[in-house]
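Structure at a glance
Below, each chain spelled out in residue letters.
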Amino acid sequence: AGEQEASVVYLPLEPEPVSLLVRLLVSHGRTAEAIADLRERLADSPQPHLQALLGETLLAEGDTGGAREALEAARESAFADGDARYRLSLLRLDLREGRMDEARTEAEETLLVLERHLKLNPDDARAYHLGAGTLVVLGDEERAREYFTRYLDVYEAENAKALVEYQAHSNLLPEIQAEAQ
């Protein structure tokens, strides 16, 4: 029983449960709580995935300076190279700050990460949605339509799996589906 209790205690430090918690808080208008939670966790352990998540959350709140600082803190980690959401956060930040050359570079890198992911996970609706948005930024409307079409093709089956990732954004799904159509 002691081993089981220890794993439960440390579970919130893993990226996915923390990410889920933060995304749920943000999607329900509780961004300030999400930011406070992340800052508390980072005070104990400056992990790159938490830095990136803080940057993403601060960006959603409109704090571009704080977002840039947090995202830059995670930039040199191996985590940053393979995380599409991190790349997309940098892309959004560059766009918001008017850094168009950097935004194009981030969009291209984000797309590469997503394409690698989709080779391993060809039915990941979230990746198709993120890819479509990235392609729009790159001005590739035709490929963006292909990604949106694929998103619509796989969405029902993926959503039926009741994956935690989809539940965290359940209130945003109608908006994403409308965008895809």
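Residues numbered from 1 in each chain as written. Predicted model: local features only at pLDDT ≥ 70, side-chain atom pairs only at ≥ 80, totals over all residues. Heavy atoms only, no water.

Some words on the packing of helix H4 (residues 48-61) against helix H7 (residues 84-96)
- Where H4 contacts H7, the two axes come as close as 10 Å, and the packing angle between them is 40°. Judged by the sense of rotation from one axis to the other, the crossing of H4 with H7 is left-handed. On the side of H4, the interface is formed by Ala-52, Glu-56 and Leu-59, while H7 contributes Arg-85, Tyr-86, Ser-89, Arg-92, Leu-93 and Arg-96.
- Its residues assigned to classes, the contact of H4 with H7 comprises 4 nonpolar, 1 polar and 4 charged. (Axes fitted to C-alpha atoms, helices over the stretch in contact; angles between N-to-C directions. Helix = DSSP H or I, 4+ residues; strand = E, 2+ residues; numbered from the N terminus. Left-handed = near helix turned anticlockwise from the far one by under 90°. Contact = heavy atoms within 4.5 Å. Nonpolar A, V, L, I, M, F, W, Y, C, P; charged D, E, K, R; others polar.)

Description of the packing of aromatic side chains
- Counted according to the given criterion, the structure contains 2 aromatic pairs.
- Ring plane angle 35° and centroid distance 5.6 Å describe the contact between Tyr-151 and Tyr-155, whose orientation is recorded as tilted. Note that Tyr-151 and Tyr-155 are positioned in helix H10 (residues 141-160) at a spacing of 4 residues, about one turn of the helix. The pair formed by Tyr-151 and Tyr-155 is uniform in burial state, with each residue classed as buried. (Phe/Tyr/Trp six-rings, centres within 6.5 Å; stacked < 30°, edge-to-face > 60°. Buried < 20%, exposed > 50% of the residue type's maximum accessible area, 1.4 Å probe, protein only.)

Focus on the nonpolar core
- With 22 residues, the main nonpolar core has Tyr-128 and Tyr-147 as its most contacted residues.
- Looking at this core, the elements that each hand over two or more residues are H7, helix H8 (100-120), helix H9 (125-138) and H10.
- At 7 residues, the largest contribution of residues to this core is made by H9.
- Setting aside residues no more than four positions away along its own chain, Tyr-147 makes contact with Leu-111, Glu-115, Leu-118, Ala-127, Tyr-128, Gly-131, Ala-132 and Leu-135.
- Counting residues in hydrophobic clusters, the runner-up holds 20 residues, among them Ala-34, Leu-50, Ala-74 and Leu-93. (Core = buried A, V, L, I, M, F, W, Y, C linked by side-chain atoms within 4.5 Å.)

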